[in-house]
Amino acid sequence: MRQLLDVYERHDGPVLAVMRMPREEIGRYGVIAARGLGANVYEVQDLVEKPDPRDAPSDLAIIGRYVLTPDLFPILQETVPDSRGEIQLTNGLRALRGRRPIYAVEFEGKRHDTGEKLGFLKATVEFALARPDLADAFREYLKGLKL
């Protein structure tokens, strides 16, 4: 969050965390078209929800961490639900981008995609092994598994 807050404090606008993803995976994410502002900061030019990888505007995927401003919420109230009945945050952000600049920061650090089963399991194991109150017992449990 500190990375996003630093960009918010510098630019006084909404900030999205993004990461570069392989083209074959990009269709699972919201993706930005961006103009580089230096280092790992971008001004968002457009946003597309789960594009076909061939049509994705970049390989910068939105990874579900945001610093949002209050002016987004009235826009979300007016946003039409998609075919599944869901209001897509990407659509609201796209409308907001028409009214003010939105920024993105290319996240530096480790990330687990807990929306995917394997990512969820990896995160659970790593967090358990990092906890002093669980690590030893959990490590012994893993060693004892009959695979």
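Residues numbered from 1 in each chain as written. Predicted model: local features only at pLDDT ≥ 70, side-chain atom pairs only at ≥ 80, totals over all residues. Heavy atoms only, no water.

Enquirer: Would you mind going over the overall build of the protein in detail, with residue names and values included?
Expert: What the protein contains, in helices and strands, is five helices and five strands. When the helices and strands of the protein are listed from N to C terminus, the series reads α-β-β-β-β-α-α-β-α-α. With respect to the three principal axes, the spread of C-alpha positions in the protein is 55 × 35 × 30 Å. Here the protein, with 147 residues, has 34% of them falling under the buried criterion. Surface exposure of the protein reaches about 9300 Å², of which carbon and sulfur atoms provide 54%. (Helix = DSSP H or I, 4+ residues; strand = E, 2+ residues; numbered from the N terminus. Buried < 20%, exposed > 50% of the residue type's maximum accessible area, 1.4 Å probe, protein only. Areas by Shrake-Rupley, 256 points an atom, 1.4 Å probe, with all protein chains shown as cover.)

Enquirer: Before we move on, could you go through the layout of surface pockets and cite the residues and values that matter?
Expert: A water-sized probe rolled over the atoms picks out the places where empty space is left. In this structure, the largest pocket encloses a volume near 290 Å³. Forming the boundary of the largest pocket are M1, L4, A17, I63, R65, F107, K110, R111, H112, D113, T114 and F127. In terms of residue class, the lining of the largest pocket is made up of six nonpolar, two polar and four charged. As a volume, the second largest pocket reaches approximately 230 Å³. (1 Å grid on protein atoms, 1.4 Å probe; cavity = no way out; pocket = protein on both sides within 12 Å on 5 of 7 lines; lining within 4 Å. Points joined across faces, edges and corners; volume = space filled by probe spheres on them. Nonpolar A, V, L, I, M, F, W, Y, C, P; charged D, E, K, R; others polar.)

Enquirer: So, the pattern of salt bridges: which residues are in play, and what are the values?
Expert: In the structure shown here, the tally under the stated rule is 16 salt bridges. The partner of E116 in a salt bridge is R28, with the nearest N and O atoms 3.5 Å apart. A residue pair is termed long-range when its members are at least 10 positions apart, and E116 in the loop between β5 (103-106) and α4 (117-130) and R28 in the loop between β1 (15-20) and β2 (30-38) qualify at 88 residues. Looking at E116, the relative accessible area reads 37%, which means it is partly exposed. Look at R28 and you get partly exposed, because its relative accessible area is 36%. One salt bridge in this structure joins R100 and D71, with 2.9 Å as the shortest N-O distance. With R100 in the loop between α3 (89-97) and β5 and D71 in the loop between β4 (60-67) and α2 (72-78), this pair connects stretches of sequence that are 29 residues apart. Within this structure, R2, D6 and E9 form a network of salt bridges that share partners. (Salt bridge = Lys/Arg side-chain N within 4 Å of Asp/Glu carboxyl O.)

Enquirer: Tell me what's going on with α3, and back it up with residues and numbers.
Expert: Taken as a whole, α3 has its buried residues at T90, G92, L93 and L96. Projection of α3 onto a plane perpendicular to its axis shows the buried side chains occupying an angular sector of 160°, all on one side. Contacts made by the buried residues of α3 are with β1, β3 (41-49), β4 and α2. (Arc of directions from axis to C-beta. Contact = heavy atoms within 4.5 Å.)

Enquirer: An account of the nonpolar core is requested, with residue identities and associated values reported.
Expert: Across soluble globular proteins, nonpolar side chains show a tendency to be buried alongside one another. Grouped together as the largest cluster of nonpolar side chains are 16 residues, with contacts concentrated most on L4, V7, V15, M21, I26 and V105. Put simply, the parts of the chain that give this core at least two residues each are α1 (2-11), β1, β4 and β5. Ignoring anything within four residues of it in the chain, the contact list for V105 reads Q3, L4, V7, V15, L16, A17, V18, N40 and V41. (Core = buried A, V, L, I, M, F, W, Y, C linked by side-chain atoms within 4.5 Å.)

Enquirer: Hey, could you go over the confidence of the model for the protein for me, with residue numbers and the actual values?
Expert: The share of residues in the protein with pLDDT of 70 or more is 100%, and the mean pLDDT across the chain is 92. Predicted confidence in the protein is weakest over α4, with a mean pLDDT of 91, and strongest over β5, with 97. (pLDDT = per-residue confidence, 0-100.)

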